[in-house]
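Topology and contacts: notes
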Amino acid sequence: MTDDSRTAALRARVRSLMPRAKADLAELVSYRSVHDPRQFPPEECHRAAQWVADAFAEVGLTDAGLHETPDGSMAVVARHPAPPGAPTVLLYCHYDVQPPLDEAAWDTPVWQLTERDGRWYGRGAADCKGNVVAHLTALRALRDSLDGKDFPVGITLVSEGSEEQGTGGMEAFVPKNAELLRADALVIGDCGNFAVGVPTFTQTLRGTVNVIVTVETLAGPMHSGMFGGAAPDALAALVHLLATLRDEQGNTTVAGLAGDQVWDGVQYPVEQFRADAGVLDGVELLGDGTVSDMLWARPALTILGIDAPKVVGSSAAVQGSAAARLNLRIPPGIEPAQALKALTAHLESNVPWHAKVTVQAEASGAPFRSGSSGPARHALERAFAAAYGTPATTQGQGGSIPLCTVFAETYPGAEIMLIGVEEPSCLIHAPNESVHPTEIENIALTEALFLATY
Ligand SMILES: [Zn+2]
C-alpha cells in the first residue's frame, strides 16, 4: 500500500468513527471524575476508570485493568504485547478532570457534552478526555484497517486518575512498575496544537525554583520621623535587591544564568499574546527577545509575594525586616540546583548596606526537553504532515509536567513526544472548556498513521 492510499483509507475510517467518538466523549464527560473525595464521590472516578478499561479492551488490548497508585487513585493499564522485533508505544492520557470551578459561569451544562458553533463543550472535553477518545479512535481505525491482523507494534495504554490533583500517584507508580510500562516511544496525549489545524510538538517544559528571601536591618520597626534617613530600611533594601533581578527592558538578570537564549520553533504573535494575557493598552511587554524567547527559552523571575505592612493600617515607621517569595522559571539547559545556587549568590551579593539576608529554598522542579530526532519522532512528524497537510512545528509550555521527568528518568533511551487536542481556545481548567472535533479527528488519524508506520 502506498503512503497516500494508506492515509486516505485511514482518514476515511477515522471520519466514519467520529459519531462514535462523540458518543464516547459524551459518556466520559458525564462522569464527574474529580479525584477529590471532599468534592465528588470516588465512585465517579471509579466508573470513569472502568469505562476506559472496557473501551480499550474492546478495541483489542489485553490485561485491561485498574491499578491502585499510592495516592489512592486508579491507573488504567491495557496492553498489546509487541510482535517479535517490533517496538512498543506507550499512549498516555488521564481520565480525571479539574473541578468545574464556578458552575454559574458555564454557558452549557458542565457534565453534559454540548455542541455549540462547531465545538463540543463540557468539563474534560479537551483535558484530557478528548485525548482519551483520540487514542481510542486511533486504535479503532487502525484495527479496522488491519483485516483481522495483529497490531504491528506493541501498545501500552496508560490512563492516569489523579493528574489534575498533583498528588503524585502516577509519578510513584511508574518506577515501581517499570517493566509493565516499558516502551520505546511514549506519546503523552495531554498537550495540544499551537492553534486548530497547526500540528505541534510541545518540545520543552520549564522547570521551577522557588525561594523566600528575607532582609533584616533593625531589631524592630522604628519611628520614621525620629530615625528615618539614617536608619537602614529593610523594605527599601528588599526593593533595591529585587530591582537587581531585572534590567530596564524587563529581562531577568540573575548573575551566572544565561538570559539570551532563542526559541527556534513557532513564534507567538505579539498581538495574540497581548490579548491572551490581558495586557493593558500602551503597556510594553518585557524583554528584548520575542514572546516565544521570553516564555519558553529564557529564565523568568516573578515576585510571588512580599511581607511588608499593608497600606491600610501601616504606620510611620522604618521597617526592620521584609521578605519576598520568588519564583524562577528555568528553560531546559539549566538545572534546578544550578539555578538555586546562582539565585542565592545573586541575592546575597546584591543586598545593599550590608543588610542581613537569608535565602530559604522551597520546592523545585526540573525542566524537560523531548528529543527532536529518532525513529519515533520522525514517524510521528511524517504522520502529522500527512494528517494535517502541513509540517509540524514546535512550541514550549511555561508550566511543568513532573511525570515527563519521571518517564525520562525511568526510560532513558525512550523517545517522549507531547501532543494532543488541547489547543489554546479549549480554555482547559476554566469554565466553558471545549474541544474542536477536527482536532480529535486529526490527532486520531496522526496516531493511527504513526502506529502503522513506526
Ligand atoms: Zn491534562
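Just so it is clear, the model here is predicted, and its values are computed rather than measured. (Residues numbered from 1 in each chain as written. Predicted model: local features only at pLDDT ≥ 70, side-chain atom pairs only at ≥ 80, totals over all residues. Heavy atoms only, no water.)

In the contact formed by helix H2 (residues 42-58) and helix H3 (residues 129-145), the axes pass within 10 Å of each other and the chain directions differ by 15°. Classed by the angle they form, the pair H2 and H3 counts as roughly parallel. In this structure, H2 crosses over H3, and the sense of that crossing is left-handed. Where H2 approaches H3, its residues Trp51, Val52, Ala55, Phe56 and Glu58 are matched on the opposing element by Val132, His135, Leu136, Leu139, Arg140 and Arg143. Across the contact of H2 with H3, the residue classes tally to 7 nonpolar, 1 polar and 3 charged. (Axes fitted to C-alpha atoms, helices over the stretch in contact; angles between N-to-C directions. Helix = DSSP H or I, 4+ residues; strand = E, 2+ residues; numbered from the N terminus. Parallel < 35°, antiparallel > 145°, perpendicular 65-115°, else oblique. Left-handed = near helix turned anticlockwise from the far one by under 90°. Contact = heavy atoms within 4.5 Å. Nonpolar A, V, L, I, M, F, W, Y, C, P; charged D, E, K, R; others polar.)

Looking now at the sheet that holds strand S5 (residues 119-121). Pairing within the open sheet is antiparallel, and its 3 strands lie in the order S4-S5-S18. If you trace the sheet from one side to the other, it starts and ends with strand S4 (114-116) and strand S18 (434-435), each paired once. Relative to S5, S4 runs antiparallel, the two being bridged by 3 bridges. When the sheet's bridge partners are listed, threonine 114 is paired in S5 with tyrosine 121. (Pairing = 2+ DSSP bridges.)

A separate point is the packing of helix H4 (residues 169-176) against helix H11 (residues 402-410). Their axes nearest at 9 Å, the elements H4 and H11 cross at an angle of 10°. With respect to H11, the element H4 is oriented roughly parallel. In this structure, H4 contributes Met170, Glu171, Val174 and Pro175 to the contact, and H11 contributes Pro402, Leu403, Val406, Phe407 and Thr410. Residues of the contact of H4 with H11, tallied by class, amount to 7 nonpolar, 1 polar and 1 charged.

The next thing to look at is the coordination of the zinc ion. The coordination sphere of the zinc ion contains the protein donors His94 (NE2), Asp127 (OD), Asp190 (OD) and Asp190 (OD), at a distance range of 1.9 to 2.6 Å. Coordination at the zinc ion is irregular: its 4 donor atoms span angles of 52 to 148° at the metal. For the zinc ion, the donor residues sit on a single chain with the sequence spacing H-x32-D-x62-D. Separated by 96 residues along the polypeptide, histidine 94 in strand S3 (residues 88-94) and aspartate 190 in the loop between strand S7 (185-189) and strand S8 (200-205) bring together distant segments of the chain. Per residue, the accessibility class of histidine 94 equals that of aspartate 190, and both read buried. (Donors = N, O, S within 2.8 Å, 3.2 Å for Na, K, Ca; no water. Tetrahedral: all angles 85-135°; square planar, octahedral: opposite > 155°, others 65-115°. Buried < 20%, exposed > 50% of the residue type's maximum accessible area, 1.4 Å probe, protein only.)

Moving on to the side chain of threonine 156. The residue threonine 156 is located in strand S6 (residues 154-160) in this model. Setting aside its immediate chain neighbours within four residues, threonine 156 contacts Val77, Ala78, Arg79, Thr88, Val89, Leu90, Leu91, Leu180 and Leu181.

The 4 strands are arranged S11-S13-S9-S14 in an open sheet whose pairing can be described as antiparallel. Only two strands of the sheet have a single neighbouring strand rather than two, namely strand S11 (300-307) and strand S14 (356-365). Averaged over all adjacent pairs, the angle separating strand axes in this sheet is 20°, with direction ignored. Pairing of strand S9 (residues 207-216) with strand S13 (residues 321-330), which is carried by 10 bridges, proceeds in the antiparallel orientation. Counterpart to threonine 208 in the pairing with S13 is arginine 329. Against the sheet, helix H6 (residues 234-243) engages S9, S11, S13 and S14, with an angle of about 15° to S13. Sheet contacts for helix H9 (residues 336-350): S9, S11, S13 and S14; angle to S14, the most-contacted strand, approximately 165°.

We now examine unusual backbone geometry. For the peptide bond that leads from aspartate 127 to cysteine 128, omega is 5°, which places it in the cis range. Along the chain, cysteine 128 falls in the loop between S5 and H3. Positioned with a positive phi, tryptophan 353 is a non-glycine residue whose angle comes to about 60°. Along the chain, tryptophan 353 falls in the loop between H9 and S14. Among the residues examined, tryptophan 353 registers a relative accessible area of 52% and is labelled exposed.

In terms of nonpolar packing, the biggest core is built from 66 residues, with Val52, Phe56, Leu61, Leu139, Leu157, Ile440 and Phe450 touching the most fellow members. In contact with leucine 139, not counting residues within four places along its chain, are Phe56, Val59, Leu61, Leu91, Phe151, Ile155 and Leu451. Counting residues in hydrophobic clusters, the runner-up holds 26 residues, among them Ala237, Leu238, Leu245 and Leu257. (Core = buried A, V, L, I, M, F, W, Y, C linked by side-chain atoms within 4.5 Å.)

On the surface, Met222, Met226 and Phe227 cluster together into a nonpolar patch covering about 300 Å² of accessible area. By relative accessible area, which is 36% here, phenylalanine 227 ends up partly exposed. (Patch = residues over 30% accessible without salt bridge, like charges linked within 9 Å, V, L, I, M, F, W, Y side chains within 5 Å. Areas by Shrake-Rupley, 256 points an atom, 1.4 Å probe, with all protein chains shown as cover. Salt bridge = Lys/Arg side-chain N within 4 Å of Asp/Glu carboxyl O.)

This brings us to the domain arrangement of the protein chain. It is common to give the size of an interface as the accessible area that goes away when the parts come together. When its domains are assigned, the protein chain resolves into domain 1 (3-205 + 368-453) and domain 2 (207-261 + 298-365). The C-alpha-based centres of domain 1 and domain 2 are spaced at 41 Å. Of the residues lining the interface, 6 residues belong to domain 1; the matching set on domain 2 comes to 4 residues. Contact with domain 2 buries area across many residues of domain 1, yet Leu205, Arg369 and Ser400 alone supply 61% of it, more than any other trio. Scanning the region where domain 1 abuts domain 2 turns up 0 salt bridges. Viewed at the interface, domain 2 and domain 1 are joined by 0 residue pairs in polar contact (both at pLDDT 80 or more). Listed by contribution, the elements that provide at least two residues to the side of domain 1 that touches domain 2 are S8 and strand S15 (368-369). (Domains from an automatic or database assignment. Buried area = accessible area lost by both parts, 1.4 Å probe. Polar contact = N/O pair within 3.5 Å; in protein donor to acceptor, adjacent residues only side chain to side chain.)

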